[in-house]
Amino acid sequence: MSKSDVDVVVVGAGFSGMYLQKRLRDAGFSYRVLEAGGDVGGTWYWNRYPGARCDISTTDYQYTWDPELHEQWSWSEKHAAQPEILRYAQFVANKHDLYSGIDFDVRVNDAHWNDDTKRWSIHTSTGETIVCRHYVMATGCLSVPKEPDIPGADRFRGGVYVTGRWPHEGVDFTGMKVAVIGTGSSGIQSIPHIADQANEVVVFQRTPNYSIPAFNGPPPQYRVDRLKADRAAYHAEARQSTSGVPVNLPTMSALSVPRETAHEMLEKAWQKGELLELGTVFNDVGINRAANDVVAEFLREKVRAVVKDPATAELLSPRKHPYGTKRPCMDTNYFETFNLAHVRLVDLNSSPIRTITETGIDFGDESHDFDAIVYATGFDAMTGAIVGVDITGKDGVTLKKKWEHGPQNYLGLTTVGFPNLFMITGPGSPSVLSNMMVSIEQHVDWITDTLVDMRDGGFDTIEPTPLAEEAWRRHCTDCADITLFQETDSWYMGANVPGKPRVLFPYIGGVGRYRRICDEVRARDYLGFVLEGAGKRQVNDGPVREIQPDVEMVVDMMASLGLPPIESMSPTDARAFSEASSAMRPRGPEVGEIVDGVLPGAGGDLNYRLYRPASPGPHPVVVYFHGGGWVFGSHVSDDPLCRALCSLADVVIVSVDYRHAPESRFPAAADDGYAALTWVADNIAALGGAPGQLAVAGWSAGGNVAAVAAQTARDSGGPTLRGQLLLTPVTDGSRQHRSHDENASGYVLTKSLMEWFWNHYADPADRTNPKASPLLAADLSGLPPTMIVTCQFDPLRDEGDAYAEALAAAGVPVRHLRARGHVHTSITMVDMLPSGVGPRRQMAEALAGFFA
Ligand code: NA7
């Protein structure tokens, strides 16, 4: 095979392309590595602006694939500066003879897939055509600087410098008047150095950024010690972590401690001078704006403590975007620089740049001359370098066209219509939200292992399926939806480049989860891919993750606890266990008033708890029945959910207990449910409710009690109900439904636990009674408007779906929410699982709608 016909072409000789070359060579593939720059190092080759440093500690920002490197290379600092990182890249390239495999100063102009030969044709800036089986974009996430989008930018006759393309010989600003535009990481790192030299510096700021001092010095001793003690364990932890750096996972909400305590905890993290520490003190900073503001305010206080002029301090204090939704920065003397007499901050929001002129900048009502302008205005991140090359796949479609509305891809590694095209740390993978070294190594390993698998299996092509790609997009969106990222116009969201689609480009589900998913795809015969070779085709189509990410975390966490199954306990122990678990959850929103009382049930008094909204009454009233499989739970066991429904729907919720099995078996719960409903109807005015404005609701077994109560009310002359809300209800104990088996285990409520509940509650013969299985009622017409919520990963899903369908067929107005990615319990987990917020809002809307 000639040099122009190889197995693999790799674009880029940064840390990705370097390691990929090593793996390809070791695996016996022929390859070419093409690099536009004049040396290895990628982003560290280009970004030579003064002060350029990595914001991840050198203990973590280094290769792990060559253990010898750890002995042969030692870092001088905690946060290495660009020259040292570049030297490290060169050292590795020399050690592993990587230079010999790289063509420098070569750009790829275009790449075309030929579906007849099943090969890519690559055309380069040197006029060469290279044919290859596989084409890998190792082009980095921040490699294409954003075009200056300021009027008059091309007119300026003084020095023009772009941080991402800094002159190799450096720039001497001594004695100059310098304008710096942009206050992201590059601006924040370079401004103090520019101010050291220049006579005058004017910083043009559009958005102030959160920045913490790097406190640079030697690598952090506690990390060094851990590495020395057990390097393999340290790396393993990094690979399974959220961000690719071992950090202790927080368990506490920022809102659960007084402000002062929170600030003391944040101070300790801040003192460490490590990027990820501050964001991992509390567990809700990324998902809850109020919690986020605790950190934000802590950092604003830090700015005020340093910057002497209060007006400048305020301008430097981020207020609009939540902490972490733009990459937080690490600085050395950034805020201090604004105390210098020759440094001035211009707020572009009040003094926008009108134009750049031949000699300077016109902004606000001023005109100012400068000797040099520094653009620290960022990058066309994540996709700029990929779509910058004209890549044409099957059917003549370019990747640029395909990605017009967002970078659809599978696993951030591949994309439909472009067989054998791989991206390293592409959009849809953790990439820039992680320690890049960990993510790079994982991608290189996955790609090389896949190429080896294909070679061994006799496959020539690999391409994801549309179904897998769409499911991955949904999963990425599910992950993004529970965070605050979408509130901010950032380069993570593509919002810094005009015309770019606005989606969260990196995958935010975490490095560890992502790695497990990628490994699972391989282990499951390349789930979501089509592989083809001479006379053979392998397709294992399907979505790789459908469960909501926060739900998955809870499910995984519960699995990791190794608790005994509830059905192995006595009912007494099960009740104690359930109560103990409930005691640990957040309490839910405040309501206007809570009143506890007793009402007459069918077999004695029943406790109830009434939740009244803060708004003036009288309110509609909803009688609510708790979950717990008829065996456990009480009028207070669904407290957070009742609070949420009360406050969201602005209705009174009366949560009523009922007699439990096995002490009181069928039909005790059903009889109590109807008795309670009747009593509330009779006493509605005294309870502060609006007469006639009555509905019923329930979750799980409580949904069963509610559904039966509604049928009994219809058949027994009242009370008249305005609606019923059934959350994952039990509707049919007479037979198995498909979901009982499909979701038999692993999703909190199991098939065997459900069977245990039924066995305690009702004899097999009774289970066909509509008072136990409301789905079996001969007639479902005349029931009140209904909202049913069923969850994808719930054994009870199909019986709930069947009830919704049967009611609709009987002419009952039904709103049916099939909660995607949820389990039986997740929607009740108020203030714990953000993905439940939407379904609960819809439930509340339905409740309110019953009374509209
Ligand atoms: P960033 O973080 O994208 O920062 C770019 C900065 O430039 C940011 O403050 C922008 O303001 C500002 N900007 C961009 N365009 C303009 C115009 N037209 N006018 C005024 N100001 C502008 O890039 P960096 O290079 O600093 O850092 C990139 C990453 O590299 C960093 O996150 C680390 O991961 C390493 P805006 O915020 O958009 O209002």
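Residues numbered from 1 in each chain as written. Predicted model: local features only at pLDDT ≥ 70, side-chain atom pairs only at ≥ 80, totals over all residues. Heavy atoms only, no water.

So, on to the site of the ligand. For the ligand, the set of nearby residues contains 20 residues, the closest of which are Lys146, Asp149, Ser186, Thr207 and Lys326. Within the side chain of Ser186, one N or O atom sits 2.5 Å away from an oxygen atom of the ligand. Note that an oxygen atom of the ligand is positioned 3.4 Å from one of the side-chain N or O atoms of Trp491. Coverage of the ligand by the protein chains reaches 88% of its 780 Å² of free accessible surface. Residues belonging to the shell around the ligand are distributed by class as follows: seven nonpolar, eight polar and five charged. (Near = heavy atom within 4 Å. Polar contact = N/O pair within 3.5 Å; in protein donor to acceptor, adjacent residues only side chain to side chain. Areas by Shrake-Rupley, 256 points an atom, 1.4 Å probe, with all protein chains shown as cover. Nonpolar A, V, L, I, M, F, W, Y, C, P; charged D, E, K, R; others polar.)

Take the sheet that holds strand E27 (residues 723-727) next. Sheet strands associate in pairs through backbone hydrogen bonding, adopting either a parallel or an antiparallel arrangement. The eight strands lie next to each other as E22-E23-E25-E24-E26-E27-E28-E29, forming an open sheet whose pairing is mixed. Each edge of the open sheet is held by one strand with a lone partner, namely strand E22 (593-600) and strand E29 (814-823). Across the sheet, the mean angle from the axis of one strand to that of its neighbour is 20°, orientation sign disregarded. Pairing geometry for E27 and strand E28 (residues 786-793), over four bridges, is parallel. Residue pairing across strands places Leu725 opposite Met787, the latter belonging to E28. (Pairing = 2+ DSSP bridges. Helix = DSSP H or I, 4+ residues; strand = E, 2+ residues; numbered from the N terminus. Axes fitted to C-alpha atoms, helices over the stretch in contact; angles between N-to-C directions.)

Bringing the pairing of strand E6 (residues 129-137) into the picture now. The element E6 is largely enclosed, with a buried count of seven among its nine residues. Looking at chain direction, strand E1 (residues 5-11) and E6 are connected through six bridges and run parallel. Across the sheet, residue Val9 finds its bridge partner in E6, namely Tyr135. Across four bridges, strand E5 (residues 119-124) lies against E6 in antiparallel orientation. The residue bridging His123 from the neighbouring strand is Thr129, located in E6. Linking two consecutive strands that pair antiparallel, namely E5 and E6, is a turn of four residues; a positive phi of about 90° is found at Gly127 within it. Bridge count between E6 and strand E18 (residues 421-423): three bridges; the pairing is parallel. Among the inter-strand pairings, Met137 is bridged to a residue of E18, identified as Met423. (Buried < 20%, exposed > 50% of the residue type's maximum accessible area, 1.4 Å probe, protein only.)

The next subject is the sheet that holds strand E14 (residues 360-363). What the three strands build is an open sheet, ordered E13-E14-E15; its pairing is antiparallel. Of all the strands in the sheet, just strand E13 (353-356) and strand E15 (366-369) have a single pairing partner and so form its edges. Taking the axes of each pair of neighbouring strands and ignoring which way they run, one obtains an average angle of 20° across the sheet. Bridge count between E14 and E15: four bridges; the pairing is antiparallel. When the bridges of E15 are listed, Phe363 appears paired with Glu366.

Our focus in this paragraph is the environment of Ile424. Topologically, Ile424 is positioned in the loop between E18 and helix H14 (436-457). Taking the C-alpha atoms as reference, Ile424 lies 8.8 Å from Gly17; in sequence the two are 407 residues apart. If we skip the residues at most four places from it in the chain, Ile424 touches Ser16, Leu20, Val136, Met137, Ala138, Ile440, His443, Val444 and Ile447. (Contact = heavy atoms within 4.5 Å.)

Direction vectors running N to C along helix H8 (residues 259-272) and helix H9 (residues 289-306) enclose 65°, while the axes themselves pass 10 Å from each other. Considered as vectors, H8 and H9 are oriented roughly perpendicular to each other. Between H8 and H9 lies a crossing of right-handed hand. Taking contact as the criterion, the partners of Arg259, Ala262, His263, Leu266, Glu267 and Trp270 in H8 are, on H9, Val294, Val295, Glu297, Phe298, Leu299, Glu301 and Lys302. Taken together, the residues of the contact of H8 with H9 break down into seven nonpolar, one polar and five charged. (Parallel < 35°, antiparallel > 145°, perpendicular 65-115°, else oblique. Left-handed = near helix turned anticlockwise from the far one by under 90°.)

Function-wise, these values are silent; they only describe arrangement.
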